[in-house]
Each structure stands twice: as C-alpha cells, then as structure tokens.
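Summary of the model geometry
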Amino acid sequence: MNTPLSILRFRIIFIIFWLLMEADQIMVLHYFGLDWNIAAIDSGICNALLLLICLLVMNTLRFYLPRGKQYIHIFSICLFLTIIWLVITKWLLGIALGDHPGYKELLQHSLSIRFSIAFLLLGCITMISILWYNQLEQKEYDQRKSNAEKLAREAELFKLRQQLQPHFLFNSLNSINALIGSRPEEARKMVQQLSDFLRGTLKKEETQWVSLSEELQYLQLYLDIEKVRFGNRLATSVNIQETTPQLKLPALLLQPIVENAIKFGLYDTTGETLIQLETWVNNGDLLIRVSNPFDPLTSSPKQGTGFGLKSVQRRLYLLFARNDLLVTEAKENIFITTVRIPQEPGNKN
Amino acid sequence: MKVIIIDDEPLARSIVKEYLQKHPELEIVQECSDGFEGLKAIQQHEPDLIFLDIQMPKITGFEMLELIEQPPSVIFTTAFDEYAIKAFEAHAVDYLLKPFNQERFDKAISKWMEQSTKGKNTQELLEAAALSPSQNQRIVVKNGSKIKIIPVQDVFYLEAADDYVKIHTSEGYFLKNKTMNHFEQSLDKEQFVRSHRSYIVNIQQITRIDPYEKDNHVAILRNGTKVPVSRNGYVRLREVLGL
C-alpha cells in the first residue's frame, strides 16, 4: 500500500505545512522574548522530532489499521507518543539551549502548550492516515468485488450455455441410429448437421455479438434436426424483414427461444405444430417474435415460460441490466415470445 | 404376443420396430404417437408388452399409465429423465436409454420374458414417478371415455371418497384412483394444505377461515364452498399462510 506521501502533490503540501509550522513557532517564541537564533534552534529540534514521530505513525498504520472499537487504542498510542516526544524534546532542548538565561523557565512554562499542540497535530496526522488507508482498502475491495462479479457473471453465462438440452442430444442420436439402418445417406447428413450445430454452440462466446443472419444459419441447423426427429408434425415459417439481417444480437440467444417454442408447441398439442419466426426493427432495436400453438385449457402461459425462457431472461439481464426485453403473451391458442435487442452503438463484435 | 409402441418421434418407433424383427414371437399390433392414442390402443388390443416413451405430447407416459386399471408390462424408452430413471431403478423396472443397440434391446426382452411378476411393479413405480417436479403441475383424470388434464391451480380442493379422491374444480369434481397421502406428498406444499384428514385445500382459493363448533374451523373458498379444518389442519394452514 502507498502512504499518502508517495503522491507528489501531498508530499509538497506536507513539506510546506511543516515549514510553516517551524516558521510559526519561531515567530511565537521570538514574540515571547527569545532571540531569533535560539527560537530557530528550539523550533528546529521540536519540529524535527515531531516530524519523525508523525512519519512513524503514518508508516505503522500502513500495516496496522484499527477496526471498529480499536480507536481508543489509537488515542492512547498518540497520547503515549506525544509524552515521549515531550520528554525527549525537553531533554534535548535542555542540553542545547539550557545555558541561555531565562530559557529554562520559558521551556518549563510552555510545556503544556507544546504538548497540546503536538498532540493535536499527531492526532490529525493519524486520522488523515487512517482515512487515507481506509479509502485505499475500500478501493481495493471494490476492485476485487467487481472482478469477482465479472467472473461470476462469466461463469453463469457459461453454465447457461452448457444447459444445452441432453434430451435433444440423446434423441437426435437415437434418430440417427434409426436412420443408419434404413436411410444411411440421411443419417450421414444428420450427423453433419448435429456436429455443425454442436460446434456452433461450443465455439461462440456468450458475450459475443453476431449478426442476425449468422444466428439464423445456426438456427436452421437446429430446425433441420428437429424436423427429422418430429417428421411432419413440425412446420416452420420464417419471415425476416429486409432491414434486419445485418443487425446484431448476443450469440446463441435465438435458438433457446425457438427450442422453447418447439417443445411447448409439440408437447402441448397433438397434430401439426407451426412455429413462426418474425423479425423487424422498432425504434432502432431488433425485434424477434417466435410463436407456437398451445392448449389454453391444459396449460397456463405462466407454466409455458418456465420451460426454457428463464435462462434467456437471465442472460438478457446480465447483458443489458434490463428485465423488460423478453415479453410473453398468450392469444387464444397461440403463445408468443417477443425479444427486443437494443442496438447500442457501443456493442462490440 | 402383442406389442404396442408408443413414442412421439417416428424414427424412435422405427428403431424399436427394427429391433423387434429379431423376435418374431412378438407382434406389433399398433404404433402410437401420443398417450391418448396409446391409451385407446391398449384398451382395444390388451397388449402383453408396451414400449413407452415418457416425454410425449399432452400427457406423459406415466400419466397415461395412471389412467389404466391394469397396466400391461412396460419397457420404458427415454433419452434423459433423472426422476424417471430414479423411479425405474427403485422399482426394478426395465428401461432403455436412447440411443440403445440391439444387444441391449434383446436383453430387455429376455428379462421381461423370464419375469414372473409382469406389470406388477408398475403401480409403485407410478407413485414414485409422480413425485418428480415435472409431474406435479397438473392432474390427469379419466372422465368417462375422455381424458381431462387439470392444471393444479384450477383445483379448489380435494376430498377423500373411499378408494378414490374427489378433485373439485370449477367444472365439478373428478375422481382419481389415488390416496390422500399420495396427493399430500406430490402436490406443492406451499399451495396445497391438508386441512383435515379427508381434505386438502388450495390456499389460493381460501377467502377466509371461520371458527366452527368447538376447536374446529372451516375454510370458506371463493365460490362459497366450506371446507372442514381440523385442529391440526388449522395449525398447518396458519404455518403456510404465515399467520
């Protein structure tokens, strides 16, 4: 830890302050009838010793900062140091200037004043040091805390990404297994799609931004795999507004939303499930709407959100510190999920 | 012997079909893509063995089995379901984890052939599976020939009725062949409270609780129904309501 004196500005202030102290004391002593040179020697010895003690305290506090109720210790230490200072000062001054007529009396009389001024000064220096070191410590603590938060956030994002549904993976492998016997060409194709999809999941960073067209390509892989799994039951319609493909969004955000819609749609209805995807621009933001059919009689929309949107919501919050970017609504038997992606000028690639 | 395959994914059914070719004594009488179809097919064909997926549209494989008086032998096929697997292992029911190969499949078949207790463990299995969190959001009942799915928040209260439990909703009541203890355990304890030996009440439906005779209380529901509250039930209710 740095002492306050390691900053040049403070060092200069400190030196000037000390010179002023000396000058002041010389003037006062002269006023009380001492010769200039005697006053100067007195002040020099006095203040040099006091300076030493102040530096000692300042340095010690670097390693030992009082907590809570220990301030009484600090007070006693200051008191103790001031007494020592007084004793030494008196002894040194006695040796140096004792021969001068009338000096000893003046010294004797001024002891209480010297003591209180020194005590006040030492107290002030101590308090300033404590405040300084506390503030430094606070800064370091804040730094650590924000580092820890950043790490935690990254870890959380990583975990959210890892939640790639094992269900999806094992079922896809099962489909491939079935295709190998009957339609090996298709099996091969699906292995390729599944690999590309998984690679996409692994290589992208959660904090990375990608263009909508890139994300849509990745989504297409997912949709193709799901279509093989569910056959005719799954139908999709994608409607992309011309202005949107180059807009950006956080990587791997779209797929979990569509996955949620597919699961919700497929497991809540029998018959064909149509998943609709639409994108457009509103107030400069990218808007994406995914809709799926559901049965209002057997599931409440509230339950529907529980499926897989929570982690999307959490990600959006971690990225934008906003909770209003993901909206779900149920219209008759259609469940609609809308995400708004702010296109901040500062968003990085 | 008759076999039915119930799975919502066509390719998942076809692999079972393929593996069954090695077992000519087993005849596939029907393939079904959801629990409703499965239920109908089972009642119609009375199969000896079914291959059953768990996660399927509308009702799960477990929920479908609950609706059958005497379930046939089941070999479960599932991709990934922690709770189900726990339940299977606890009750020594055979299950196939997707993807599985012919060898593993044959083993399941021969194990089933040797078993003398065919289909016996199913009831206990269902009790265990019902405790999984994915299954306590709704109650599936049979209403005549129709299947009714009741989201738990629509339930007013449950009432014991001999071997059945009466599930009271805005549409009247439905009967389910389960015990009060089963529901007390499987339903969300923050929402459903056993107010009385014979009653479990949805606390979201309660508008007030009045004293009733000596030591007893009665809960008045939104629709005006009065549900008895015993002394112990009153303690439990106060706990959950934070009074």
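Residues numbered from 1 in each chain as written. Chains lettered and ligands numbered in written order. Predicted model: local features only at pLDDT ≥ 70, side-chain atom pairs only at ≥ 80, totals over all residues.

**Things to note about unusual backbone geometry**
As a reminder, the rule being used: In DSSP terms, a helix is any run of H or I states spanning at least four residues, a strand is any run of E spanning at least two, and both are numbered starting from the N terminus.
In this structure, Pro99(B) follows Lys98(B) across a cis peptide bond, with omega equal to -10 degrees. Positionally, Pro99(B) belongs in the loop between strand E5 (95-97) and helix H5 (102-114). Phi angles above zero are rare outside glycine, and Leu252(A) is one such case at about 60 degrees. Tracing the sequence through the fold places Leu252(A) in the loop between strand E3 (248-250) and helix H8 (254-268).

**Description of the sheet that holds strand E3 (residues 49-53) of chain B**
Backbone hydrogen bonds are what pair the strands of a sheet, in a parallel or an antiparallel way. Residue and element names in this part refer to chain B. The line we're drawing: Strands pair, by our definition, only if DSSP identifies at least two bridges between them. Axes here mean lines fitted to C-alpha atoms, for a helix over just the part in contact, with angles spanning 0 to 180 degrees between N-to-C directions.
Pairing is parallel in the open sheet, where five strands are placed in the order E2-E1-E3-E4-E5. Taken across any chain shown, the strands that pair with only one partner, and hence form the sheet edges, are strand E2 (27-32) and E5. Within this sheet the neighbouring strands show an average axis-to-axis angle of 20 degrees, counted without direction. As paired elements, strand E1 (residues 2-6) and E2 share five bridges and run parallel to each other. Looking across to E2, one finds that Ile6 is bridged to Cys32.

**Concerning the pairing of strand E6 (residues 138-143) of chain B**
Residues and elements named next belong to chain B. The sheet contact formed by E6 and strand E7 (residues 146-151) spans six bridges and is antiparallel. By the bridge assignment, Asn143 is partnered in E7 with Lys146. Remark: two residues form the turn of the hairpin made by E6 and E7, two consecutive strands paired antiparallel; Gly144 in that turn has positive phi of roughly 65 degrees.

**Observations regarding the environment of Ile257(A)**
Residue and element names in this part refer to chain A. Put simply, the test is: Exposed residues have 12 or fewer other C-beta atoms within 10 Å of their own C-beta, buried residues have 20 or more, and partly exposed residues fall in between, where C-beta atoms are placed from the backbone. By the convention adopted here, residues are in contact when the distance between their C-beta atoms, placed from the backbone, does not exceed 7 Å.
With respect to the helices and strands, the residue Ile257 is situated in helix H8. By C-beta crowding, Ile257 is classed as buried, having 21 other C-beta atoms within 10 Å. Measuring from C-alpha to C-alpha, the distance between Ile257 and Ser291 comes to 9.7 Å, with 34 residues separating the pair along the chain. The residues contacting Ile257, other than those within four sequence positions of it, are Val290, Leu309, Val312, Thr337 and Val339.

**Section: helix H3 (residues 71-97) of chain A**
Stated precisely, the cut-off is as follows: Multiplying 1.5 Å by the helix residue count minus one yields the expected span of that helix.
Between its terminal C-alpha atoms H3(A) stretches 38 Å, which fits the 39 Å expected from 27 residues at 1.5 Å a residue. By the burial criterion, the buried members of H3(A) are Cys78(A), Thr82(A), Trp85(A), Thr89(A) and Leu93(A).

**Topic: helix H8 (residues 231-241) of chain B**
Residues and elements named next belong to chain B. We apply this condition: Directions drawn from the helix axis to the C-beta atoms are what define this arc.
Those residues of H8 lying buried are Gly233, Tyr234 and Leu237. Angular distribution of buried residues about the axis of H8 spans 100 degrees; they occupy a single face of the element. Exposed positions of H8 whose direction lies more than 90 degrees from the buried face are Arg231, Asn232, Val235 and Glu239. Looking at the buried side of H8, the elements it contacts are strand E11 (192-196), strand E13 (206-212), strand E14 (216-221) and strand E15 (226-229). One or two residues past the end of H8 sits Gly242, with phi positive at roughly 70 degrees.

**A short note on the confidence of the model for chain B**
Residues and elements named next belong to chain B. What counts, and what does not: A residue's pLDDT is the confidence the predictor assigns to it, expressed on a 0 to 100 scale.
Taken over all residues, the pLDDT of chain B has a mean of 87, while the share at 70 or more is 93%. The least confident element of chain B is helix H4 (residues 82-90), whose mean pLDDT is 72; the most confident is E2, at 96. Scored as a whole, the predicted complex attains pTM 0.67, and scored at its interfaces, ipTM 0.78.

**Let's talk about the interface of chain A and chain B**
Put simply, the rule is: Side-chain classes follow a simple rule in which Ala, Val, Leu, Ile, Met, Phe, Trp, Tyr, Cys and Pro form the nonpolar group, Asp, Glu, Lys and Arg form the charged group, and the remainder, Gly included, forms the polar group.
Every contact between the two is made by 24 residues of chain A and, on the other side, 21 residues of chain B. Broken down by secondary-structure element, the contributors of at least two residues to the side of chain A that touches chain B are helix H5 (166-182), helix H7 (212-230) and H8 of chain A. Ranked by the residues each element gives to the side of chain A that touches chain B, the list is headed by H5(A), at twelve residues. Classifying every residue of the side of chain A that touches chain B gives eight nonpolar, 14 polar and two charged.

**Comments concerning the sheet that holds strand E9 (residues 164-169) of chain B**
All names here are of chain B. Spatially, five strands are ordered E10-E9-E8-E12-E11 in an open sheet, and the strand pairing comes out antiparallel. The sheet terminates laterally at strand E10 (172-176) and E11, the two strands that pair on one side only. Averaged over all neighbouring strand pairs, the angle between strand axes comes to 25 degrees, with direction disregarded. Here strand E8 (residues 155-161) pairs with E9 via six bridges, running antiparallel. Following the sheet pairing, Tyr157 is matched in E9 by His168.

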